[in-house]
Amino acid sequence: MNKEFRKAIIAGNWKMNKTPAEAVELINAIKAELEGKDTSGCGIIACVPYVDIDAAVKAAAGSPIEIGAENCHWEKSGAYTGEISADMLVACGVNYVIIGHSERRQYFGETDVTVNKRVLAALEAGLKVILCVGELLEEREQGITAEIVSMQTKIALMGVTAEQMKNIIIAYEPVWAIGTGKTATADQADEVCGIIRNVVAGLYCDCVAKATTIQYGGSMNAKNCEELLGKENVDGGLIGGASLKAPDFATIINAAC
Ligand code: PGA
């Protein structure tokens, strides 16, 4: 992390877990863990299932925890059965949205082009975006990690202005490390986050690149967070499994703050 230039952000990605009642319990448990701790040094986000948003926003009110969603559609409204628009999220008190998570790409046909459309729609609605990029295991083994994450980043940011980059967080999530217990080494995470930062510098300028929060995600946990977050280019984490356990999530937050 380099807090001189950018904000460290720890975001939980709850995925398809927790009912509204369980969401309140988990938010309250995280709040209790953070009680009396100075968390002003980092941003804290919980990205929750759509049906949990209302309960989570109310439970988190007055605490440092902000609520995010896990996806949104690019149209404002219309005949898109099962979808949720960015405006709807804003109306529910959501501040952040994850876009382009590898599980969306892998299981729900998300492409770089639809990721770009969703990013633009979310920004337009006033949401902050956690944009996920990352290579598959085969791509890493082929030695094309840099090309893959560069391409994903460039396409996702098409039409995003330098001014709007203030509302973009990028999460580097190697697909092989998500939910597998296999973490990228701190050096691997730092290297690819650095590659992404160079891509942002090329698209905009060094000043935008320096100010952009680039997280690592993929089996980050209470044990390995310190080493990962100690790296210059790793400005926080997008955390799945460990974000569902309040003490572990709080340990990661404390390591970043
Ligand atoms: P994980 O998930 O921490 O369970 O690996 C990370 C993510 O999918 O964002």
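Residues numbered from 1 in each chain as written. Predicted model: local features only at pLDDT ≥ 70, side-chain atom pairs only at ≥ 80, totals over all residues. Heavy atoms only, no water.

Asks: Where do I start with the overall build of the chain in this structure?
Replies: For the chain, the count of helices and strands is eleven helices and eight strands. On C-alpha atoms alone, the chain measures out to a radius of gyration of 17 Å, which is about the 18 Å that the 2.2 N^0.38 rule sets for 257 residues. Its C-alpha atoms give the chain principal-axis dimensions of roughly 45 × 45 × 35 Å. Evaluated residue by residue, the chain yields a buried proportion of 53% over its 257 residues. (Helix = DSSP H or I, 4+ residues; strand = E, 2+ residues; numbered from the N terminus. Rg over C-alpha atoms; globule rule 2.2 N^0.38 Å. Buried < 20%, exposed > 50% of the residue type's maximum accessible area, 1.4 Å probe, protein only.)

Asks: Teacher, can you tell me more about the state of the cysteines here?
Replies: A covalent bond bridging the sulfur atoms of two cysteines is what the word disulfide describes. Overall, the coordinates contain two disulfides when judged by the stated rule. Cys-42 shares a disulfide with Cys-257; S-S distance 2.1 Å. With a gap of 215 residues between them, Cys-42 in strand S2 (residues 42-47) and Cys-257 in the segment after helix H11 (246-256) connect regions that are remote in the sequence. Cys-205 shares a disulfide with Cys-207; S-S distance 2.5 Å. When the S-S torsion is -85°, as for the bridge of Cys-205 with Cys-207, the disulfide is left-handed. Given the relative accessible area of 26%, Cys-205 is considered partly exposed. Numbered by order of appearance in the sequence, the disulfide-linked cysteines of the chain pair as 1-4, 2-3. Here Cys-47 is not disulfide-linked; the sulfur of Cys-132 is the nearest cysteine sulfur, at 8.8 Å. (Disulfide = S-S within 2.5 Å.)

Asks: Help me out: how do you make sense of the site of the ligand in this one?
Replies: Around the ligand sit 13 residues in total, of which Lys-15, His-101, Glu-173, Gly-179 and Ser-219 are the nearest. At 2.7 Å, a backbone N or O of Ser-219 approaches an oxygen atom of the ligand. Coverage of the ligand by the protein amounts to 95% of the 280 Å² it exposes when considered alone. Split by residue class, the shell around the ligand holds four nonpolar, seven polar and two charged. (Near = heavy atom within 4 Å. Polar contact = N/O pair within 3.5 Å; in protein donor to acceptor, adjacent residues only side chain to side chain. Areas by Shrake-Rupley, 256 points an atom, 1.4 Å probe, with all protein chains shown as cover. Nonpolar A, V, L, I, M, F, W, Y, C, P; charged D, E, K, R; others polar.)

Asks: Just checking my understanding: could you explain the layout of surface pockets for this structure?
Replies: Rolling a probe over the atoms, with the probe sized like a water molecule, indicates the empty space that remains. The calculated volume of the largest pocket comes to roughly 470 Å³. Around the largest pocket, the lining comprises 18 residues; the ones closest to its centre are Lys-15, Met-16, Glu-70, Arg-104 and Phe-108. Element by element, the count of residues in the lining of the largest pocket is highest for helix H4 (residues 102-107), at three residues. The class makeup of the residues in the lining of the largest pocket is nine nonpolar, four polar and five charged. Its volume calculated, the second largest pocket comes out at about 290 Å³. Met-165, Lys-166, Asn-167, Ile-168 and Ala-211 are, among the 17 residues lining the second largest pocket, the residues nearest its centre. Among the secondary structure elements, those contributing two or more residues to the lining of the second largest pocket are strand S6 (168-172) and helix H9 (206-211). The biggest single contributor to the lining of the second largest pocket is H9, with three residues. By residue class, the composition of the lining of the second largest pocket is ten nonpolar, three polar and four charged. (1 Å grid on protein atoms, 1.4 Å probe; cavity = no way out; pocket = protein on both sides within 12 Å on 5 of 7 lines; lining within 4 Å. Points joined across faces, edges and corners; volume = space filled by probe spheres on them.)

Asks: Explanation requested: the side chain of Thr-145 in the structure shown.
Replies: Its location among the elements puts Thr-145 in helix H7 (residues 145-156). Judged by relative accessible area, Thr-145 falls into the buried class, the value being 9%. Residues in contact with Thr-145, not counting those within four places in the same chain, are Glu-135, Glu-139, Arg-140, Tyr-172 and Val-192. (Contact = heavy atoms within 4.5 Å.)

Asks: For this particular structure, what's the right way to read the packing of helix H1 (residues 20-34) against helix H2 (residues 53-60)?
Replies: For any two helices packed against each other, one specifies the crossing angle of their axes together with the interaxial distance. Contact pair H1 / H2: the axes reach a minimum separation of 8 Å and the direction vectors enclose 25°. Relative to H2, H1 is oriented roughly parallel. For the crossing formed where H1 meets H2, the hand is right-handed. Counting all contacts with H1, which are made through Pro-20, Val-24, Ile-27, Asn-28 and Lys-31, the residues of H2 involved are Ala-55, Ala-56, Ala-59 and Ala-60. In terms of residue class, the contact of H1 with H2 is built from seven nonpolar, one polar and one charged. (Axes fitted to C-alpha atoms, helices over the stretch in contact; angles between N-to-C directions. Parallel < 35°, antiparallel > 145°, perpendicular 65-115°, else oblique. Left-handed = near helix turned anticlockwise from the far one by under 90°.)

Asks: Help me out: how do you make sense of the pairing of strand S3 (residues 65-69) in this one?
Replies: The side chains of a regular strand alternate, first on one face of the sheet and then on the other. Burial of S3 is extensive: four of the five residues sit out of reach of the surface. One ladder, built from four bridges, connects S2 with S3; its direction is parallel. Across the sheet, Ala-46 pairs through a bridge with Ile-67, a residue of S3. In this structure, S3 lies alongside strand S4 (residues 96-99), joined through two bridges in parallel fashion. Bridge pairing links Gly-68 to Tyr-96 in S4. For the segment spanning S3, helix H3 (residues 86-91) and S4, crossover handedness is right-handed. (Pairing = 2+ DSSP bridges. Right-handed = clockwise from strand over helix to strand, strands pointing away.)

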